[in-house]
Each structure stands twice: as C-alpha cells, then as structure tokens.
Amino acid sequence: MLIPEKHVLSWGPRKMLSSGVCTSTVQLLGKVAVVTGANTGIGKETAKELAQRGARVYLACRDVQKGELVAREIQTVTGNQEVLVKKLDLADTKSIRAFAKGFLAEEKHLHILINNAGVMMCPYSKTADGFEMHMGVNHLGHFLLTLLLLEKLKESAPSRIVNVSSFAHHLGRIHFHNLQGEKFYSAGLAYCHSKLANILFTRELARRLKGSSVTTYSVHPGTVNSELVRHSSVMRWMWRLFSFFIKTPQQGAQTSLYCALTEGLESLSGNHFSDCHVAWVSAKARNETIARRLWDVSCDLLGIPVD
Ligand SMILES: NC(=O)C1=CN([C@@H]2O[C@H](COP(=O)(O)OP(=O)(O)OC[C@H]3O[C@@H](n4cnc5c(N)ncnc54)[C@H](OP(=O)(O)O)[C@@H]3O)[C@@H](O)[C@H]2O)C=CC1
Ligand SMILES: CC1=C(/C=C/C(C)=C/C=C/C(C)=C/C=O)C(C)(C)CCC1
C-alpha cells in the first residue's frame, strides 16, 4: 500500500468518521487515467495516488494554470513525470468536445476515467449551453465526456469509470419538467438532484456496458474538507468549526481509488460505494425507468443520437 495507513487514518473523531481505506496494491505502469477537477480537493489526491502507482495521469481542469501548478507538485512528490494537464470546462460542451478530440488524438488507451469535478450550491446560473449549472456540470458535462471517451475505454478494457456522487442524492429528485430549474430553484436541492443523476447514470451505463469489460461505479467520498463549500458562507463556517471531524481530501479520495483499483470488483458494476463498501441508495436512484428516461433526455439535450 502506497499511502501509509497512519497518514490516511489519523486519530480521534476524524478516524471514526473516516473509515474506508483503499488497500489495493495494484500498480499502474502503462495505464492511462483521466481525473476531472484534479487541481484541488478529492480530485487532486486521487490523481496523486494514480500517478504514485505509475499511471500516465491527465488532470482535466477548467483552469490550466492551477492545473499546471498541481501537475508540477505531483511530479515532484511522486517522481512520475507523466502528469499532464488538459483544459476541460464541463460548463461548456465545446470545451468538452475539444478535450475529448485532443485526448483521443494523443492517446491510444484510456483505462481509468474518474468523473470527479463538481459544483455545489451555486446561485442560479447557466452553462454556456443553457443548462442549470449543477445539472450541467455535475451530470450533463460528465455524461457527454464519458460517451465521447467510451470507445477508447472499450478498446482499452478492462477499464473503469468512477462517478463521484454523494449521500446528498437521498434528497434528490429528477424533475423532468424542470430539469433546468426555470420553474423553481433551490441551490441546495439542485446539487442533490445532480448527484442523484450521477447514480442513475452509473446504473444505466453499467446495464448498457454488460459484457464489455468496462465497469462503472458511483461513490460517496464522505464529508470532506475541500473547496466544495465555496458558495455557502454557512457551510464554510461549519467546515472550519468542525474541520477536525471531517475527512481530509486524501481520506476522501479512498473510495474513488478503491473503485478504480480493487481487483475483482467487476461483478459489482453499477453499484454505489461509500467508505470502500457497497452503499445503499435511495428508491429514486434504483428506479430503472427514471434512469432510462434520464439517459434519453440527456442525449436529447446534448444532441447525441438516442439509441
Ligand atoms: N467535499 C465533500 O464533502 C463532498 C464532495 N463530494 C463530491 O466530490 C467531488 C469533488 O469535490 P471536492 O474535491 O470536495 O470539491 P472542490 O471544490 O475542492 O473540487 C471540485 C473540482 O471541480 C472543479 N470544477 C468545478 N466546476 C468545473 C467545471 N465547470 N469544469 C471543470 N471542472 C470544474 C473545480 O475546479 P476549480 O478549482 O477551477 O473551481 C475543482 O477542481 C464533487 O463531485 C463533489 O460533489 C461528494 C460528497 C461530499
Ligand atoms: C452535523 C455535523 C456535520 C455536518 C455535516 C454536513 C452538513 C455534511 C454535508 C455534506 C455535503 C454537503 C455533502 C456533499 O455532497 C459535521 C460537519 C460533519 C460535524 C459533525 C456534525
């Protein structure tokens, strides 16, 4: 194990709240990984560990300058020079298509895709394509990215897709008549809806990928001290006050790493994980009809032919 357990699990309340360590010893020399939102928080720690294990890692970031600083840091810490930065703004489908085009032209393989980037509790705003920001970035952006990279993942199989969701999905609903939040909007609930969409996408994708050796998992990383709370002063205050009780980003990365690396997980494709174990999801998240409809509606919105 490359992350010594004592550094992942400190002591006291944080230890109690941060169970779940990726104990896989899998090495990744010759493997290629993409991590979205890798310039900070959970994504940065996930990318660092993948690089530590020898993978060529693409940091897919909307701010290339921030990404370059982190890439240098990861190169220095891990000794792996194959840490690359590529511009990806999930709030703009042109940027997503440009990212995929560049990546597919450059790389023969893609073994691990970690759909990690996310926004939470933004004031009402829209992406370049007119999608509500949470649904647009957290769900539709990653949906499009994944479909554009799917052939490469299939050619590189066995390969894995990890979608970082949240236990907040329990409060989520897919309001097909108000998917862009135009009729009513709550910043907190919009986040929950998008995280439910992450789980429905994972389950429907797993169903469609059966037999392909490409597997997919959704993840709740835990409550993690990161920049996710940037839009809420109450949450920022809570995070500061309770920082000792919540996970570090390195601890928050463990379940994503577990799903990306652990051998023998293939039969659990489509499942949701928390603290490196299969976790229960809401009844809405288990609804196949909603999952199929969300898939079709997402294709429609993105101008992808529905199959
Ligand atoms: N922290 C927590 O307690 C929990 C987090 N999660 C999930 O974990 C994931 C990682 O979040 P976390 O590390 O905590 O949060 P951070 O805010 O620290 O990191 C989020 C990352 O997403 C990137 N991002 C945001 N918008 C876009 C965009 N339009 N295009 C590309 N990248 C974008 C950010 O880039 P930039 O730095 O440029 O803004 C940043 O790199 C999220 O999906 C979140 O929903 C789930 C449950 C709990
Ligand atoms: C009650 C309580 C807490 C609050 C937890 C909250 C509010 C978690 C929210 C998580 C989110 C927003 C996840 C995003 O996906 C702390 C700080 C752990 C400290 C112990 C008591």
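Up top is the structure.
This text gives an overview of the structure that appears in the document. These figures come from a predicted structure and were not determined experimentally.

Parameters and conventions
Throughout this document, residue positions are counted from 1 along each chain, in the order its sequence is written. The lettering of chains begins at A and the numbering of ligands begins at 1, in the order of writing. Per-residue local features of the predicted model are confined to residues with pLDDT of at least 70, and side-chain atom pairs are confined, for both listing and counting, to 80 or more; whole-chain, interface and lining totals are unaffected and use all residues. The side-chain figures draw on all heavy atoms in the structure; neither hydrogens nor water molecules are used. When at least one non-hydrogen atom of a residue lies within 4 Å of a molecule or strand, that residue is treated as near it. Within 3.5 Å is the distance limit for a polar contact, defined as a pair of N or O atoms, with the added protein rule that one can donate a hydrogen and the other accept it, and that residues adjacent in sequence qualify only through two side-chain atoms. For the accessible areas, the method is Shrake-Rupley and the probe is 1.4 Å, while residue cover comes only from the protein chains on display. The definitions used throughout rest on a 1 Å grid laid over the protein atoms alone, on which a cavity is an enclosed set of points accommodating a 1.4 Å probe that cannot get out and a pocket is an open set flanked by protein within 12 Å on both sides along at least five of seven lines; lining residues are those having an atom within 4 Å of a point. Assignment of a molecule to a cavity or pocket requires that more than half of its atoms lie within 2 Å of the corresponding grid points. Only runs of H or I of at least four residues qualify as helices and only runs of E of at least two qualify as strands under DSSP, and these elements are numbered from the N terminus. Three categories are distinguished: nonpolar for Ala, Val, Leu, Ile, Met, Phe, Trp, Tyr, Cys and Pro, charged for Asp, Glu, Lys and Arg, and polar for the others, with Gly belonging to the last. Here the aromatic set is Phe, Tyr and Trp, taking the six-membered ring for Trp, and pairing holds for ring centres within 6.5 Å; pairs whose planes are under 30 degrees apart are stacked, those over 60 apart are edge-to-face, and all others are tilted. Residue exposure (1.4 Å probe, protein chains only): buried if accessible area is under 20% of the type maximum, exposed if over 50%, otherwise partly exposed. One bridge is not enough; two strands pair if DSSP finds at least two bridges between them. We call two residues in contact when some of their heavy atoms are within 4.5 Å. A fitted line through C-alpha atoms serves as each axis, taken over the contacting stretch for helices, and the angle formed by two N-to-C directions is quoted from 0 to 180°.

1. Describing the site of ligand 1
Taken together, 31 residues lie around ligand 1, and R62, N116, Y191, V224 and S226 are the ones closest in. Measuring from an oxygen atom of ligand 1, one finds a backbone N or O atom of I42 at 2.9 Å. Residue Y191 places a side-chain N or O atom 2.6 Å away from an oxygen atom belonging to ligand 1. Surface burial for ligand 1 is 98%, taken as the share of its 900 Å² of free accessible area covered by protein chains. Among the detected pockets, ligand 1 sits in the largest pocket. Elements supplying a minimum of two residues to the shell around ligand 1: helix 3 (41–52) and helix 7 (187–208). Residue composition of the shell around ligand 1, grouped by class: 13 nonpolar, 12 polar and 6 charged.

2. Remarks on the packing of aromatic side chains
Tallying each qualifying case throughout the model produces 10 aromatic pairs. Between Y58 and F103, the ring centres sit 5.0 Å apart and the planes meet at 80°, which makes this aromatic pair edge-to-face. You can see Y58 sitting in strand 2 (residues 56–61) and its partner F103 sitting in helix 5 (residues 93–106), a full 45 residues away along the chain. The buried category is assigned to F103, whose relative accessible area is 0%. Measuring from centroid to centroid gives 6.5 Å for F244 and F245, while their planes differ by 85°, and the two rings are edge-to-face. Its relative accessible area of 36% is what places F244 among the partly exposed residues.

3. Describing the sheet that holds strand 1 (residues 32–36)
Pairing within the open sheet is mixed, and its 8 strands lie in the order 3-2-1-4-5-6-7-8. Of all the strands in the sheet, the pair left with one neighbour each is strand 3 (83–87) and strand 8 (277–278). Pairing of strand 2 with strand 3, which is carried by 5 bridges, proceeds in the parallel orientation. Each bridged residue has a counterpart across the sheet, and for A60 the counterpart in strand 3 is K86. Its contacts with the sheet put helix 4 (residues 64–78) on strand 2 and strand 3, and the angle it makes with strand 3 is roughly 170°.

4. Details of the site of ligand 2
Residues in close proximity to ligand 2 include M120, S166, F167, Y191, T223, M235, M238, W239, F242 and I246, which together make up its full environment. At a separation of 2.6 Å, an oxygen atom of ligand 2 approaches a polar side-chain atom of S166. The separation between an oxygen atom of ligand 2 and a polar side-chain atom of Y191 is 2.6 Å. Surface burial for ligand 2 is 66%, taken as the share of its 540 Å² of free accessible area covered by protein chains. Among the elements that make up the shell around ligand 2, the one with the highest residue count is helix 8 (residues 233–241) (3 residues). Class assignment for the residues of the shell around ligand 2 results in 8 nonpolar, 2 polar and no charged.

Geometric descriptors of this kind do not, in isolation, establish any biological role.
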